[in-house]
Amino acid sequence: MIRRILLLAHRVPVSGEFSLNDLAGAGGRMDEVARAVSTAFTVSNGLRRDTELTILFVAEPPPRARRIRLRGSGLRYLNPDERSTAALLKNALVRSSTLPRDIEASPGLVVGPIDPAAALTEFARQETTVWLTEESAPYVTPASATAGVGAILSDPQDPAPEEAALLERLGVPRASLGPVRLRASQCVDVLQNRWDSIPGAGLPERT
Ligand SMILES: C[S@@+](CC[C@H](N)C(=O)[O-])C[C@H]1O[C@@H](n2cnc3c(N)ncnc32)[C@H](O)[C@@H]1O
């Protein structure tokens, strides 16, 4: 069962030009993006090989906007700590900043330029995708998931009006994970935990 998550990163400098000592400030909340990556893939002594995480870095419009896709099946060099995860993402953004096409910046991590609306549409159109929002109907964990599971969520900033309008136009169902406003990384934790209970969901690989 493939688990797909898309995170909208609104403020991280798309060039990757920020200090690892200031992830929350100059890094545009890269701390929270890195936490979301870490919690999407790592568990105690294990790695989730069935998870794919897409991050849309949309602080600047095309041609500078970037997408990073991480695939658990091929991922290497991901440690559980936030700083080294942020470094992995930052290095990918820096390497990609002058390149017109996708590159695999490290094993299992592909980065490249995107049109954010097209990339969001491509992801949203995948079967079973939900849009996580605080005020909507409760998320119902699928009873089975042969087509996989998927969710879209936003970083500490809510989706921009044009992103929300696009998701509405596409008819992506909204779902809430509970009455409390959570951080994006906490939503990823809750999601993975819910998805773990789906019959047939894969177990993390022990490391
Ligand atoms: C930190 S929240 C965004 C800011 C938030 N609206 C606030 O007022 O603080 C980050 C994202 O996590 C998701 N989120 C947070 N709490 C949620 C909940 N209870 N149910 C579903 N999604 C949630 C949403 O996608 C949201 O855009």
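Here the structure is a predicted model, which is why all the values come from computation and not from measurement.

(A) The pairing of strand S5 (residues 66–71), seen in detail. The buried fraction of S5 amounts to 5 of the 6 residues, a majority that puts the element mostly inside the structure. In terms of strand pairing, strand S4 (residues 51–57) meets S5 through 6 bridges, oriented antiparallel. Within S5, the residue paired with Thr54 across the bridge is Arg69. By the bridge criterion, 5 bridges tie S5 to strand S7 (residues 109–113) in an arrangement that is antiparallel. Note on S7: the bridge partner recorded for Arg69 is Val110.

(B) Region of interest: the nonpolar core. Residues Met30 and Leu70 are the most contacted members of the largest nonpolar core, which totals 47 residues. Ranked by residue count, the leading element in this core is helix H1 (residues 30–41), at 7 residues. Excluding anything up to four places from it in sequence, Leu70 contacts Val37, Phe41, Thr51, Glu52, Leu53, Ile55, Leu75, Leu89, Gly108 and Leu109.

(C) Representation of the packing of helix H3 (residues 116–124) against helix H4 (residues 161–170) within the structure. Relative to each other, H3 and H4 sit at 35°, their axes nearing to 11 Å. The way H3 lies across H4 gives a crossing that is right-handed. On the side of H3, the interface is formed by Ala117, Leu120, Thr121 and Ala124, while H4 contributes Glu163, Leu166, Leu167 and Leu170. For the contact of H3 with H4, a count of residues per class yields 6 nonpolar, 1 polar and 1 charged.

The rules we used
- Residues numbered from 1 in each chain as written.
- Predicted model: local features only at pLDDT ≥ 70, side-chain atom pairs only at ≥ 80, totals over all residues.
- Heavy atoms only, no water.
- Buried < 20%, exposed > 50% of the residue type's maximum accessible area, 1.4 Å probe, protein only.
- Helix = DSSP H or I, 4+ residues; strand = E, 2+ residues; numbered from the N terminus.
- Pairing = 2+ DSSP bridges.
- Core = buried A, V, L, I, M, F, W, Y, C linked by side-chain atoms within 4.5 Å.
- Contact = heavy atoms within 4.5 Å.
- Axes fitted to C-alpha atoms, helices over the stretch in contact; angles between N-to-C directions.
- Left-handed = near helix turned anticlockwise from the far one by under 90°.
- Nonpolar A, V, L, I, M, F, W, Y, C, P; charged D, E, K, R; others polar.

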